[in-house]
Amino acid sequence: MSEEARVHYDRGLAFYGAKDYRAAFAELEAGYAVDPRREFLFAEAQAQRLAGDCQRAVPLYQRFLATDPSPVQVNAAQVGLARCAQQMAAAPPAPPPPPLPTVPALPPPTPWYRDSVGGALLAGGVIGLGVGAGFLIAAAVAHNDATIYDDYAQRQSTIERRGNIGVGALAAGAVLTAAATYRYHHVRAVRLSPTISGAVRPSFRWLLLEGRF
């Protein structure tokens, strides 16, 4: 054994005698790096076993036995392996890994025909069409009730006002109905095809934020 390796070996044995097995292993490992002799392997295995780390001690015992030691040394290594086997058998089993966090299932998407914006547009369109039709009927009734010229002249402003309101309401109702139809069609397309231009669209509200509608 080289002089430098001997220094580490003696320090390791000193720590070993003081039952500081971690420090002993560190010195013995440093000495083995300088001069890889089997004496270091056996001493390292002993230090690891006495420190309670048989997982690292067993490979060291096996490496020591592979160096063809004397029968007495073989017996000593086998005794150490047997004690490690008892220690590992008596150790409590490792706790099972914690369960993976469960991800709550996403609620099913709302059917396209229940879209709140589309429903509001459709309701507005129906109201507009109803109001427009009502005012046009009222204008026609006022026109039919004017039997004489003077009576017609007096009612002309009322007839025109009702007619204008009816036409405007019908136009607004038609626009809202067309917007509702487009909205329902677009929402249905999004529900059936979740990817548009390669980007996932999780909901139609996201489209609204993009200014698509």
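This text gives an overview of the structure that appears in the document. These numbers come from a predicted model, not from an experiment.

About the thresholds
Residues numbered from 1 in each chain as written. Predicted model: local features only at pLDDT ≥ 70, side-chain atom pairs only at ≥ 80, totals over all residues. Heavy atoms only, no water. Helix = DSSP H or I, 4+ residues; strand = E, 2+ residues; numbered from the N terminus. Areas by Shrake-Rupley, 256 points an atom, 1.4 Å probe, with all protein chains shown as cover. Axes fitted to C-alpha atoms, helices over the stretch in contact; angles between N-to-C directions. Parallel < 35°, antiparallel > 145°, perpendicular 65-115°, else oblique. Left-handed = near helix turned anticlockwise from the far one by under 90°. Contact = heavy atoms within 4.5 Å. Nonpolar A, V, L, I, M, F, W, Y, C, P; charged D, E, K, R; others polar. Salt bridge = Lys/Arg side-chain N within 4 Å of Asp/Glu carboxyl O. Buried < 20%, exposed > 50% of the residue type's maximum accessible area, 1.4 Å probe, protein only. Expected span 1.5 Å × (residues − 1).

## So, the overall build of the protein chain
Now for step 1: For the protein chain, the count of helices and strands is eight helices and two strands.
Now for step 2: In the structure as shown, the protein chain presents an accessible area of about 13900 Å², 62% of it carried by carbon and sulfur atoms.

## Observations regarding the packing of helix 1 (residues 3-17) against helix 3 (residues 38-50)
Now for step 1: At their nearest, the axes of helix 1 and helix 3 sit 11 Å apart, and the two run at 25° to each other. Considered as vectors, helix 1 and helix 3 are oriented roughly parallel to each other. Relative to helix 3, the crossing made by helix 1 is left-handed. The segment helix 1 lies against helix 3, with A5, Y9 and Y16 engaging E39, F40, Q46, A47 and L50.
Now for step 2: Grouping the constituent residues of the contact of helix 1 with helix 3 by class yields six nonpolar, one polar and one charged.

## A few points about the pattern of salt bridges
Now for step 1: This model, assessed by the stated rule, comprises two salt bridges.
Now for step 2: As a salt-bridge pair, D10 and R6 come within 4.0 Å of each other at their nearest N and O atoms. Of this pair, D10 and R6 both sit in helix 1, four residues apart, roughly one helical turn.
Now for step 3: We note a salt bridge from E39 to R37, for which the minimum N-O separation is 3.4 Å.
Now for step 4: According to the relative accessible area criterion, R37 is partly exposed, its value standing at 31%.

## Side note on helix 3
Now for step 1: With 13 residues, helix 3 extends 19 Å between its outermost C-alpha atoms, agreeing within 8% with the 18 Å of an ideal straight helix rising 1.5 Å per residue.
Now for step 2: Summarising the contacts, the buried residues of helix 3 are in contact with helix 1, helix 2 (21-34), helix 4 (54-65) and helix 5 (71-90).
Now for step 3: Looking one or two residues past helix 3, G52 carries a phi angle of roughly 90°, positive in sign.

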